[in-house]
Amino acid sequence: MSSATSSVARVAYLASDIIVDSQPTLPSSSQFAKEYSSLSATSNRRPTILSVPLGGDPGSTLRRNGSAAGLISFTSSAAAQTVIRLVLDAAELSSLPLVLHLAVKDDLSDVLLLRSAVPFFLVSRTAQHAHDNSLLASRLARTEKKAVVHVFFEGKNDSVEEIPESEVQPFLLSEKPASTNGLNGHNGHANGQNGHVNGHNGHANGVNGHANGVNGHSATVVSPGSELFKLYERAALSTVVRIRRACPPLSVHGSSEPHTVIFGLGDIPSVDIDGVSVVSVSLLTPLTPSRILDAIPPSTSRVIVLEQLHRWNTKWTPLYLERPHIQSVYFSDPMQATPLAILKLLQAAPSSTPLQLGGASASSPLSLEVPHIPKHESSYTKILSHVFGERLEVSNSPALVPKQGAIATSPEFALGRVRGQLDERNELIASVKQLLEVKEVSPELHKLSSQWVLVKDDHTKSRSVGKELVTALESSKLSSPIINRILALRAHFPARSRWIIGSDAWSYDLGASGLHHAIASGLDINILIIDTLPYTSRNSADPHRRKQDAGLYAMNHGDVYVASVAVYSSYAQVLQAVMEADRHKGPSVVLAYLPYQNEDAPALEVLKETKLAVDAGYWPLYRWDPVKETQGKEPFALDSDTVKNDLQQFLDRQNHLSQLVRSKPEFATELVSSLGENVKEARRKKAQQAYDDLVVSLDAPPLVVLYASDGGTAEKYAKRLANRGKARGLSTSIGTIDSMSIDTLAQEEYVAFVTSVAGQGEPPQNGRTMFKALNAAALRGEKPFSKLRYSVFALGDSHYWPRPEDAHYYNKPGKDLDTRLEQLGGERFADIGLGDDQDADGPDTGYKVWEPLVWKTFGVDSIEVKEAEPDPITNEHIKAASGYLRGTIAEGLEDTSTGALDPSDTQLTKFHGIYQQDDRDIRDERQAQGVDPAYSFMIRVRTPGGMDRIAEEHGNGTFKITTRATFQFHGPSIQEINKVLLDTLAACGDVNRNVICSAIPSLSRLHAQVYGFAKLVSAHLLPRTTAYHEIWLDKKMVAGEAVKDFEPLYGEFYLPRKFKIAVAVPPTNDVDVFANDLGFIAIVNEQGDLAGFNVAIGGGMGVTHGNKKTYPRVADVIGFCTAEQGPIVAEKIMLTQRDNGNRADRKNARLKYTIDRMGLDSFKAEVESRLGYPLAPARPYTFDRNIDDFGWSTGDDGRHHVMLFIENGRIQDEPERDFKTGLREIAKIHEGTFRLTANQHIMISEISTEDVPEIKRILAKYKLDNLNHTGLRLSSSACVAFPTCGLAMAESERYLPVLIDKVEKICEENGLRNDSIVMRMTGCPNGCARPYVAEVAFVGKAPGSYSMLLGGGYYGQRLNKIYRETVSEPEILAILKPMIKRYALERLEGEHFGDFVIRAGYIATTTSGKEWYDGMGGEGQYREVVATA
């Protein structure tokens, strides 16, 4: 014996990719969930199962997951609340491959609301019928991509012949039948309904040669009047062929020539009455009129529509019949549908109104069971009862269900009920006031009426006076309609305390739950929301269903009283909050914490969980009274002692700063003080210092320190010199070299210059104007510096230019400046100092020799400086003092005196996805004009969509697909980006960046699983600060600074450096998973489903030229985890890096250096310790490429995809290539998605077959389908570099296509046009285009000059190595021409270029990041000759 529920659950489990299961009210558990748990232990299939709580919004979960699934099933008991929510989303759900399996007990009233909202509606009467219709519905939804409602009766138990598990998927994926002619038992059709509808000897499925006729009788073929019906017939035929049982839309039994036909909808028992034919309806939608008419023989004089309902609400399509009278009848209990009851019905006179079986007419619903209230919730309900007594009214009390139905507990119903009651009370007040104006009213009645009007809002007196007034009115002899109206409204005399009580399910969707309507209503209503999620289980909830902060939301309305309470933490605060809420004339929201897993949880466990949540700040206790704000008082009261502790206590809990604070207590004060106060204090000190300097300068020799610096190192040494000069009593000033003109400089006596090198021996940007002026003055033979005494300290890298012919570039700007100043009449007071990055202490070695010479000149070399130098302000200080990434960004945006933000704020804007840049092409021109550089913001988003208008209206007209598979704009509006439902938060900065995943068009279902996982990880690791919304979206901080932001993962210091995650699907490594801090490599099981991920850690690309402490690294695989474990594994790896990363040196702060410093095994052990379990052993996998698969492909779901080649990711309109316009035109008609790739290309995905021709036409029109490129070009990639990137040292995006033009000619000459060689270029060594895993790479060092690297793995598995440290274009071509020719002649079968150059001896293999520098410069005869120091 099998139940209908178990049969439906089994089919849903075996047929679906995703199952969404609706949970009942606690403490009950889903009847389907038990079956799924049992099936998971015995079945090989593993669909994704998602749970939605009662009161949650199932529609959003179905919409989010349905488009990417082959089949998604929803299983639920047919609760009114659930059905209503589905109706609201029906328009979007109807086009999804979705089956809604709804179990009913004995009432179809609620589910029939869906009849007109979805394409197909099936009803099953028996367990076998439920099994067969489940298969049919699954087949129909999957093949036609349309929603199907399947309703069945859950209490049915009988013998069920079930389809074997191995046959379910083949059945669903089998070809559609070519014809449906003769189906479903009509007149001898294929479903074998005994030939004719009235049961005459027909054969099923063409058995014994009969297909469309019966024993020689002619068959009347009825053509379906609906295209949807044809789709149903096609699916039904496939189902019949598989199960060999009939699946008719209508089943007929009884008399062949009836006078009465009963159409039964529901669990109709078999009745045998002479002259009566019973038609059981299985297909309710789309049931065509012709099918109904076929079931009504000419002998029929009466038609009865018999429905199993508690209330009548079905609207049938009108049937225009000549004779039969149609009567609607409904019943609730199958036992009522007896032959005797039906005979009585037949004997009764026809009625135009619906009748209830067993009675003349009825409208009273069947008594419903009162919902169970979990016992723990009495903690709050008893408080309400104790405080408010008899005036308490719970507007959605479960006690209302028997009279008003299950919907009575919903907030929408309760809000409507309250609104009606308040309207009636207002009517009562108006009527009493009218009564006072009636002259005939007796003095006593007038007095009582006046008293009640005065005390109507008094909780006690309104009741007592109201009773007296009612008694007086009833005994009054005065006859007036006003008195009758007052007596009719007597129930509203007492002033009541009205409450709506709900669960935290209301917090998941503020709009769908009705909570928004209650908050915005302005009514005097109190809402108690009980949150039961235990603190220790806070991370186990569905991450897709992120709980909203209902309290914060309510506070933003401005007129709502809000409180957050916890009865197991502060009973007194709960009492105070509920009384204040009751006194507030308007909406009130009380958030009540009551953590428990089930009703058996002991009170001690609830107390423990409450204490954890409150002490950790997870559940702050507070009260917000907007009335106090209007009175000029503080509206916010923070009742949580733990949250009241200042930031100093929080610092003490941070193990990475506690020692620093203890050793230097002044740091703690500095870090936790207000940033605004710091600025004011700094200005005051600056003014005082200016005065002191003026006094000192009257008798002390002045020292001017000028610097030129691009990266900040020279500026750091200049500030050190100036600070030490002040400490020795000298009057010092500091500025950039370009801040002075030659005339101003000529007036100075002592000047110390500090300069670094930019490009190919050029001065930094903020010194070039002076350098040009000095050169021009020297050419004119001028000597303006007769009184100037100077010294120069130069910073450089002797290894940066290793070739003998390039050696003169070492410290060239400093040497040239020293020489030029002497030529112009200046006199050295100390010889030039040279700082070399290659020295043991870096530039410090040379600086320590040069600085004493400066002090000796001023005679202060013997002064002992006791005052400790202030440590430099680092990124860690900036983050700590930023107020969770706020800083002074908002103030800087308001400052119109400059187009730039403060330097410290530009570090913070990176966390918001924003980089401040300027157009370097016109930087010199603007500087000559005396105006600011052309500043703009470069903005990255985390998710693509709706972009081109933003680029056109608010940016520079173009946008860039980055190597992080997202869009990058130059100069757009953050608000416009957010309006198209995107954001830029955490696209940059010391946090987890956007998570990227593979684009795999041929495996649509697998891609959906992997993409869902990537979104899950991204959402889990997203920063929680509200600073982003306050600054960029004009949202206001609530309650001033009383409620502080809290970063549960990052803390206030965030990570030491950025953190990147990629998800790859073998065999394509298109995301370069080994180049990321954390990589997940998808492992697929034998059924093609996602089994889990291998975990790889420690990849990273960034390098600093000449600094051998920095190097690239590819990730190491450390184990395997399931998809469910993945987000937590990512969290623990990130937190291990957070607590162990190098915060003292940002150049060595990435995860790769942490792992090499700790050791891979030690790092893995730390991660597993935090997880609480070891990772499983890594599973086998294979990669064979990391380039994109261009052109058209078809997914396993039948939808089409096309990968477009976008060279270096730049989308813009230019002659003959209007790519931006073309993509805009496609977006207007395309109903699928656009996928960006980490190789900077774009895929138009999920194209329906009928849209393919039009898409192809547009692609051809705008040249977007042009793939007639060499394999080299298709495999290339470049970063942005000039003109916008402030870090660029050389061209990249604009130059690589030009270089490829020349290199591909070499390839074509050697027959390699179609061979893929991965070539990448970056404008600096930071590695944005992942050059260090390319087969050939070029890394910019100066304009026109690059490092050349060879030997990377074709699919990103191996680092390359520097082959030549400095090359220009002629040298590149001279090196590659013979190398490519030799590759064409000598390569092995299937050997890639990166492997060949290693085998041929050009370059050594790189086995680890730390060994990257070993063997650089080539091998043997190909080794580069390097200059000696």
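As shown above, the structure is provided for reference.
Residues numbered from 1 in each chain as written. Predicted model: local features only at pLDDT ≥ 70, side-chain atom pairs only at ≥ 80, totals over all residues. Heavy atoms only, no water.

Points about the nonpolar core
How we decide: Residues grouped as a nonpolar core are buried Ala, Val, Leu, Ile, Met, Phe, Trp, Tyr and Cys residues, joined through side-chain atoms within 4.5 Å. Three labels apply to residues, based on accessible area from a 1.4 Å probe with only protein chains included: buried if under 20% of the type maximum, exposed if over 50%, partly exposed otherwise in between. Numbering of helices and strands runs from the N terminus, with a helix taken as a DSSP run of H or I at least four residues long and a strand as a DSSP run of E at least two residues long. Whether two residues are in contact is decided by their heavy atoms, any of which lying within 4.5 Å being enough.
The biggest cluster of nonpolar side chains holds 43 residues, and the ones touching the most others in it are Leu62, Leu98, Leu108, Val111, Phe121 and Phe263. For this core, the leading source of residues is strand S5 (residues 98-104), giving 4 residues. Those residues in contact with Val111 that lie beyond four places of it in its chain are Ala78, Val83, Leu102, Val104, Phe121 and Val151.

Remarks on a nonpolar patch on the surface
Filter applied, for reference: Patch criteria: residues need more than 30% relative accessible area and no salt bridge. Like-charged residues are merged within 9 Å; nonpolar side chains of Val, Leu, Ile, Met, Phe, Trp and Tyr are merged within 5 Å. In short, Shrake-Rupley with a 1.4 Å probe defines the accessible areas, and a residue's cover is counted only from the protein chains shown. Whenever Lys or Arg places a side-chain nitrogen within 4 Å of a carboxyl oxygen from Asp or Glu, that contact is recorded as a salt bridge.
The grouping of Ile84, Val87, Leu88, Leu113 and Ile407 at the surface amounts to a nonpolar patch, some 390 Å² of accessible area in total. With respect to the helices and strands, the residue Ile84 is situated in helix H4 (residues 80-88). Among the residues examined, Ile84 registers a relative accessible area of 32% and is labelled partly exposed.

Some details on the packing of aromatic side chains
To keep things clear, this is the line we draw: Centre distance within 6.5 Å is the pairing criterion for rings of Phe, Tyr and Trp, where only the six-membered ring of Trp is used; planes under 30 degrees apart are then read as stacked, over 60 as edge-to-face, and the remainder as tilted.
Counted under the stated rule, the structure contains 31 aromatic pairs. Ring centres of Tyr535 and Tyr618 lie 5.4 Å apart, and the angle between their planes is 65 degrees; this geometry places the pair in the edge-to-face category. A residue pair is termed long-range when its members are at least 10 positions apart, and Tyr535 in the loop between strand S18 (526-531) and helix H18 (550-555) and Tyr618 in the loop between helix H20 (603-615) and strand S21 (622-624) qualify at 83 residues. Residue Tyr535 is classed as buried on the basis of its relative accessible area, which comes to 16%.

Examining the pairing of strand S24 (residues 731-736)
Using the following cut-off: Two strands qualify as a pair provided that DSSP identifies no fewer than 2 bridges between them.
Sheet topology note: the strand S23 (residues 702-708)/S24 ladder contains 6 bridges and is parallel. Across the sheet, Val704 pairs through a bridge with Ser733, a residue of S24.

As for the sheet that holds strand S44 (residues 1242-1247)
Selection rule: The convention used is that axes are lines fitted to C-alpha atoms, helices contributing only their stretch in contact, and that angles between N-to-C directions extend from 0 to 180 degrees.
Strand order in the open sheet formed by 4 strands is S38-S39-S44-S43, with antiparallel pairing between adjacent strands. Either end of the sheet is taken by a strand with one partner, and the two such strands are strand S38 (1191-1194) and strand S43 (1233-1236). Along the sheet, successive strands turn relative to each other by an average axial angle of 20 degrees, direction set aside. As defined by bridge partners, strand S39 (residues 1200-1204) adjoins S44 across 4 bridges and the pair is classed as antiparallel. Looking across to S44, one finds that Met1203 is bridged to Met1243. The strands touched by helix H43 (residues 1219-1229) within the sheet are S39, S43 and S44, with S43 carrying the most contacts at an inclination of about 140 degrees. The strands that helix H44 (residues 1252-1261) touches are S38, S39 and S44; relative to S38, the one it contacts most, it runs at about 165 degrees.

Brief notes about the sheet that holds strand S35 (residues 1078-1084)
Paired through their backbone hydrogen bonds, the strands of a sheet run either parallel or antiparallel. What the 5 strands build is an open sheet, ordered S33-S34-S35-S36-S37; its pairing is mixed. Among the strands making up the open sheet, the edge pair consists of strand S33 (996-997) and strand S37 (1116-1121). Pairing analysis gives 4 bridges linking strand S34 (residues 1061-1064) to S35, with the strands arranged parallel. When the sheet's bridge partners are listed, Ile1061 is paired in S35 with Leu1078. Running over the sheet, helix H40 (residues 1126-1140) touches S34, S35, strand S36 (1090-1097) and S37 and is turned about 160 degrees from S35.

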